[in-house]
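Architecture at a glance
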Amino acid sequence: MATQKGNKRNPGQGNLRGSLFGVRPVSSPVLQPSSDGSKGKMGFLVALVAMVLVFVLLLPLLGSIYYDTLAAQKESKMQIERMERLRQQLEYERQQMEKHRNEQR
């Protein structure tokens, strides 16, 4: 009796593979791997070589950009210090001129 229940199909359950809105599985040679796998290996090799080339070309570029930004930071810091010294010198000279004017009156 239990085996008979298991063999019966429920009419509410359809064959999902073929009956779902008429969608059928796609059979395309693009989706099927080749039998020997040579295309996959060759594609992987090409991608690996391309990544290595990009890495080799970008590494010096990134290094030079990094050193240029360090040099620019150092130069800007020096200019800021120079401007600060000039500002202090101008302030000192202005005070001296005011003292000199006050002494003349």
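Residues numbered from 1 in each chain as written. Predicted model: local features only at pLDDT ≥ 70, side-chain atom pairs only at ≥ 80, totals over all residues. Heavy atoms only, no water.

On a plain count of helices and strands, the protein chain comes out with 3 helices and 0 strands. When the helices and strands of the protein chain are listed from N to C terminus, the series reads α-α-α. Across the 105 residues in the protein chain, those meeting the buried criterion constitute 0%. For the protein chain, the accessible surface area stands at approximately 10900 Å², while carbon and sulfur atoms represent 62% of it. (Helix = DSSP H or I, 4+ residues; strand = E, 2+ residues; numbered from the N terminus. Buried < 20%, exposed > 50% of the residue type's maximum accessible area, 1.4 Å probe, protein only. Areas by Shrake-Rupley, 256 points an atom, 1.4 Å probe, with all protein chains shown as cover.)

On to the confidence of the model for the protein chain, then. Predicted confidence across the protein chain gives a mean pLDDT of 80, with 65% of residues reaching 70 or more. Mean pLDDT values for the elements of the protein chain range from 52 in helix α2 (residues 16–19) up to 93 in helix α3 (residues 38–104). (pLDDT = per-residue confidence, 0-100.)

A full pass over the atoms with the stated rule returns 2 salt bridges. The partner of E84 in a salt bridge is R87, with the nearest N and O atoms 2.6 Å apart. Of this pair, E84 and R87 are both found in helix α3, 3 residues apart, which corresponds to roughly one turn of the helix. Measuring nitrogen to oxygen at the nearest pair gives 3.8 Å for the salt bridge that ties E91 to R94. (Salt bridge = Lys/Arg side-chain N within 4 Å of Asp/Glu carboxyl O.)

Turning next to a nonpolar patch on the surface. Taken together, the side chains of M42, F44, L45, V46, L48, V49, M51, V52, L53, F55, V56 and L59 define a hydrophobic patch exposed on the protein surface, amounting to about 1200 Å² of accessible area. With respect to the helices and strands, M51 occurs in helix α3. (Patch = residues over 30% accessible without salt bridge, like charges linked within 9 Å, V, L, I, M, F, W, Y side chains within 5 Å.)

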